[in-house]
Amino acid sequence: NHCRMVTTDMLNLENISDRIREAIDNHNDKGLREILDSYHCADLVEILQVLKPDERLTAFKAIEEDKAAEMLEYAPAQMQVEILSELGEEQAAKLIMKMPHDEVADVFAEMEEDETESYLNQLPAKVSTEIRELLSYKEDTAGGIMTPHVLTVNKDMKVEDVLSFIRTRAEKDEIELYYLYVTDVQKHLLGVVSLRALLTKPYKTKIEEIMTRDIVKLHIDDPQDAVADVFMKYQYSALPVVDLYNRLKGMITWDDAQDIIEEETTEEIYQTSGISTDLVDEDEIIFGSTIDAVRARCPWLFITLIGEFVAVNVASRFESTLNALPIIAIFMPLLAGLGGNIGTQSITLMTRGLSTGQVTLNSALYHIWKELRVGFLIGMLFGVLVSLVTWHWQHNLELGIVVGVAMTINMTMATLLGTLTPFILKKMHVDPAIASGPVIATTIDVLGLAIYFGLVSIYLVRVM
């Protein structure tokens, strides 16, 4: 590990970037290296992100080669591609050779095909073949995430032979040591041995005697959300990845799973906020161009705009009601705001529950019935409160009751919609996260206004 130094204080990015710029402007290469060498690789990523592209490249070139390669592992895809593209192909190839092959495959997946091919042709044949195989898998599957470097042993080996083998291989190939996988000559996965078992058994014990045959494993085509679910369920440090014939192809480690969970959670939050991750990569929404940010945020806003035009059309049909009792317009934002909020709460709970496995389609009726009761009780509470405030304010008890009843119905209906929608989408094999807050809020606005104006119209007919 070339990034052992860890900073204990919060990074003062402005101060650090000023020092780096000063060293660059003064052509103080030694001072620049000293500044950069004093930070952990993860910190360097944050530091380089606040620099301008030309400053970032100059600073990166000043970092020692091994540390630079490790720093790239921490960097977002956009920064990786930017830096490697700006470096000469020869220098970039040297850095790539020092990076884990799964990380390299991820970087190449973000590049243009001809650029990727150019780099692959410069790498040794064995490395190039391994990376090409990783690139053949879909990026968001177990095959696209795994590292092919796995330590395998034979079932007939003894503990002392394996320990000697580990010392030789692990130091040479820098393999991540979590578990040892037992395979036959054709690479079929037979069992797994933990390091604890290996270190606590007599030297003459055969691996076959201490290996676990009941293996939790992943398939190369498993989607990344399924990979994350398996890691969360079993809490292993690493899991083997096999093909259709149970041949060991690689392994996925806990830090890869953590990245998947973070990515899935981020995507879910973006989608429920009406930000499209299908059109623009997640990293580019924040760090990309202004145009990319606009492209990511506009689609759902256009859908919301159409929905709100429907709400406006509903309101326009009750123009005579508004003219007869203008005061009712004051309460429209109140109904829309509370209805939208409680609907978003329900949809967030169900979407997150379905994502983590706490909520399933089999338990849908239980959750729908429970949320309906919750929505009704909250609606009653706020309905009574609104009625009392309206009565005291307008000195009109009947108007207060109308607004309170509309509030109760609106919040109950919003809760029901917010709970039902994720289950319906899940049943249709559509990601529930796309049932975003803005869309649900718009639907609630339309129905809420229709209910409210309907009740007010009935009230007017009664009093006139």
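Structure shown above.
Cut-off values and rules
Residues numbered from 1 in each chain as written. Predicted model: local features only at pLDDT ≥ 70, side-chain atom pairs only at ≥ 80, totals over all residues. Heavy atoms only, no water. Core = buried A, V, L, I, M, F, W, Y, C linked by side-chain atoms within 4.5 Å. Buried < 20%, exposed > 50% of the residue type's maximum accessible area, 1.4 Å probe, protein only. Helix = DSSP H or I, 4+ residues; strand = E, 2+ residues; numbered from the N terminus. Phe/Tyr/Trp six-rings, centres within 6.5 Å; stacked < 30°, edge-to-face > 60°. 1 Å grid on protein atoms, 1.4 Å probe; cavity = no way out; pocket = protein on both sides within 12 Å on 5 of 7 lines; lining within 4 Å. Points joined across faces, edges and corners; volume = space filled by probe spheres on them. Nonpolar A, V, L, I, M, F, W, Y, C, P; charged D, E, K, R; others polar. Salt bridge = Lys/Arg side-chain N within 4 Å of Asp/Glu carboxyl O. Pairing = 2+ DSSP bridges. Patch = residues over 30% accessible without salt bridge, like charges linked within 9 Å, V, L, I, M, F, W, Y side chains within 5 Å. Areas by Shrake-Rupley, 256 points an atom, 1.4 Å probe, with all protein chains shown as cover. Lys, Arg positive; Asp, Glu negative; His and termini not counted. Charge placed at Lys NZ, Arg CZ, Asp CG, Glu CD. Polar contact = N/O pair within 3.5 Å; in protein donor to acceptor, adjacent residues only side chain to side chain. Contact = heavy atoms within 4.5 Å. Axes fitted to C-alpha atoms, helices over the stretch in contact; angles between N-to-C directions. Parallel < 35°, antiparallel > 145°, perpendicular 65-115°, else oblique.

**Considering the nonpolar core**
Then comes step 1: Core analysis: the biggest nonpolar cluster contains 59 residues, and Ile20, Phe60, Met71 and Leu84 have the highest contact counts within it.
Then comes step 2: If you tally residues by element for this core, the top one is helix H3 (residues 41–49), at 5 residues.
Then comes step 3: Counting 26 residues, the second largest nonpolar core, distinct from the first, contains Leu325, Ile328, Met407 and Phe453.

**Notes on unusual backbone geometry**
Then comes step 1: The phi dihedral of Lys187 falls on the positive side, at around 75 degrees, and the residue is not glycine.
Then comes step 2: Among the structural elements, Lys187 can be located in the loop between strand S2 (179–183) and strand S3 (189–194).
Then comes step 3: Using a relative accessible area of 39% as the deciding quantity, one classes Lys187 as partly exposed.
Then comes step 4: Even without a glycine there, the phi angle at His395 is positive, about 55 degrees.

**Some thoughts on the packing of aromatic side chains**
Then comes step 1: Considering all chains together, one arrives at 4 aromatic pairs under this definition.
Then comes step 2: Relative to Phe453, the ring of Tyr452 lies with its centre 5.7 Å away and its plane at 40 degrees, an arrangement referred to as tilted.
Then comes step 3: Within the aromatic cluster, the residues linked to one another by ring pairs are Tyr179, Tyr234 and Tyr236.

**What to know about the layout of surface pockets**
Then comes step 1: Size it by volume and the second largest pocket reaches roughly 200 Å³.
Then comes step 2: If you trace the second largest pocket, you find 15 residues lining it, with Tyr179, Val192, Thr212, Ile215 and Tyr236 closest to the centre.
Then comes step 3: Of all the elements in the fold, those that place two or more residues in the lining of the second largest pocket are S2, S3 and strand S5 (238–242).
Then comes step 4: Residues that form the lining of the second largest pocket fall into these classes: 12 nonpolar, 2 polar and 1 charged.

**Some thoughts on the pattern of salt bridges**
Then comes step 1: If you walk through the whole model with that rule in mind, you get 10 salt bridges.
Then comes step 2: Here Lys98 and Asp66 are joined by a salt bridge, their closest N and O atoms 2.9 Å apart. With Lys98 in helix H7 (residues 89–98) and Asp66 in helix H5 (residues 65–74), this pair connects stretches of sequence that are 32 residues apart.
Then comes step 3: Residue class for Lys98 comes out partly exposed when judged on its relative accessible area of 38%.
Then comes step 4: Between Arg213 and Glu208 there is a salt bridge, and its shortest N-O distance comes to 3.7 Å.
Then comes step 5: Linked through salt bridges whose partners overlap, the residues forming this network are Asp18, Arg21 and Glu55.

**Topic: the pairing of strand S6 (residues 248–253)**
Then comes step 1: Most of S6 is tucked away: 5 of the 6 residues are buried.
Then comes step 2: Here S5 pairs with S6 via 5 bridges, running antiparallel. The residue bridging Ala238 from the neighbouring strand is Thr253, located in S6.
Then comes step 3: Remark: 5 residues form the turn of the hairpin made by S5 and S6, two consecutive strands paired antiparallel; Asn246 in that turn has positive phi of roughly 65 degrees.

**Observations concerning a negative patch on the surface**
Then comes step 1: A cluster of acidic residues, Glu110, Glu139, Asp140, Asp225, Asp229, Asp259, Glu262, Glu263, Asp281 and Asp431, forms a negative patch at the surface.
Then comes step 2: The element contributing the most residues to the negative patch is helix H16 (residues 254–272), with 3 residues.
Then comes step 3: When you line up the elements, Asp225 lands in helix H15 (residues 224–234).
Then comes step 4: Asp225 gets classed as partly exposed once you look at its relative accessible area, which sits at 37%.

**Some points on the side chain of Arg56**
Then comes step 1: Positionally, Arg56 belongs in helix H4 (residues 53–62).
Then comes step 2: Within the structure, the side chain of Arg56 is placed 3.0 Å from the side chain of Glu82, a separation counted as a polar contact.
Then comes step 3: In contact with Arg56, other than residues within four places in its own chain, are Leu48, Gln49, Leu51, Met79 and Glu82.

**Points about empty space enclosed by the protein**
If you roll a probe as big as a water molecule over the atoms, it shows you where there is empty space left.
Then comes step 1: For the structure shown, the criterion picks out 1 cavity of 30 Å³ or more.
Then comes step 2: Within this model, the largest cavity holds a volume of roughly 40 Å³.
Then comes step 3: Met332, Leu335, Ala336, Asn410, Ile444, Asp445, Gly448 and Leu449 are the residues that line the largest cavity.
Then comes step 4: Looking at the lining of the largest cavity, the elements with two or more residues in it are helix H20 (332–356) and helix H23 (437–463).

**Section: the sheet that holds strand S1 (residues 152–153)**
Then comes step 1: Taken in spatial order, the 3 strands line up as S1-S2-S3 in an open sheet, and their pairing is mixed. One side of each edge strand has no neighbouring strand; the edge strands of this open sheet are S1 and S3.
Then comes step 2: Here 5 bridges tie S2 to S3, and the two strands are oriented antiparallel to one another. Looking at the pairing, Val182 lines up with Gly191 of S3.

**Considerations on the pairing of S5**
Then comes step 1: Burial analysis of S5 places 5 of its 5 residues in the buried class, which makes it a mostly covered element.
Then comes step 2: Neither face of S5 is left uncovered, since the one carrying Ala238, Pro240 and Val242 and the one carrying Leu239 and Val241 both have all their residues buried.

**Concerning the side chain of Asp102**
Then comes step 1: Within the secondary structure, Asp102 sits in helix H8 (residues 101–109).
Then comes step 2: According to the relative accessible area criterion, Asp102 is buried, its value standing at 7%.
Then comes step 3: Residues contacting Asp102, with those up to four places away along its chain left out, are Leu134, Ile145, Met146, Thr147 and Asp256.

**Let's talk about the packing of H4 against helix H6 (residues 77–86)**
Then comes step 1: H6 packs onto H4 with a crossing angle of 75 degrees between their chain directions and a minimal axis gap of 10 Å. It follows that H4 is roughly perpendicular to H6 by the angle criterion. Contacts between H4 and H6 pair Pro53, Arg56, Leu57 and Phe60 from the former with Met79, Glu82, Ile83 and Glu86 from the latter.
Then comes step 2: Taken together, the residues of the contact of H4 with H6 break down into 5 nonpolar, no polar and 3 charged.

**Considering the sheet that holds strand S4 (residues 218–219)**
In a beta sheet, neighbouring strands pair by backbone hydrogen bonds and run either parallel or antiparallel.
Then comes step 1: Sheet architecture is open: 3 strands sit in the order S4-S5-S6, paired in mixed fashion. Each end of this open sheet is capped by a strand with a single partner; those strands are S4 and S6.

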